Amino acid sequence: MKSLRRVIVDFKKLTPEVLKLLVDTYPDGYDDRNIISFKNAKGERVEAVEVLGGDTKYLVKISAKLEYTMEHYDAEDYDDFDDDDPEAVPEPDLTED
């Protein structure tokens, strides 16, 4: 069996494809049981949630921006972008209410 490629994804590199995988995998959001922690190459502790897409396991770093974007996800927002375009997912303004 072929092993999965592991890719760490920061919010700045989040693509519509990975965002959709996240929303499909965690339709009600993720909680503490879904969060994994590990040390990155710099020895820093990273918390992430895991999603599978094809032959890749994505470890998406968690953040308030990620939670907000998942909560406000609408597939139509990404119709004009390629699935792998990291420019498609805008950084939310978390100061708005």
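Quick caveat, the model's predicted, so the values are computed rather than measured. (Residues numbered from 1 in each chain as written. Predicted model: local features only at pLDDT ≥ 70, side-chain atom pairs only at ≥ 80, totals over all residues. Heavy atoms only, no water.)

**Structural notes on the pairing of strand β3 (residues 45-53)**
Test applied: The pairing criterion for strands is at least two bridges between them, as found by DSSP. In this description a helix means any DSSP run of H or I spanning at least four residues, a strand means any run of E spanning at least two, and both kinds are numbered starting from the N terminus.
Where strand β2 (residues 35-39) meets β3, five bridges bridge the pair, whose relative direction is antiparallel. Bridge pairing links F38 to V46 in β3. Between β2 and β3, which pair antiparallel one after the other, the connecting turn spans five residues, and G43 there sits at a positive phi close to 80 degrees. In the sheet, β3 pairs with strand β4 (residues 56-61) via six bridges, with the strands oriented antiparallel. Within β4, the residue paired with L52 across the bridge is K57. What sits between β3 and β4 in their antiparallel hairpin is a turn of two residues, with G54 showing a positive phi close to 60 degrees.

**Brief notes about the sheet that holds β4**
How we decide: With axes taken as lines fitted to C-alpha atoms, and helix axes fitted only over the stretch in contact, angles between N-to-C directions fall between 0 and 180 degrees. Contacts are assigned to residue pairs with any non-hydrogen atoms lying within 4.5 Å of each other.
The strand order across the open sheet formed by four strands is β1-β4-β3-β2, and the pairing between neighbours is mixed. The sheet is open, and its two borders are formed by β1 (5-9) and β2, each paired with just one other strand. For this sheet the average axis-to-axis angle between neighbouring strands, irrespective of direction, equals 40 degrees. Each of β3 and β4 touches helix α1 (residues 16-25); the most contacted strand, β3, lies at about 90 degrees to it.

Without other data, these values stay purely geometric and don't point to any function.
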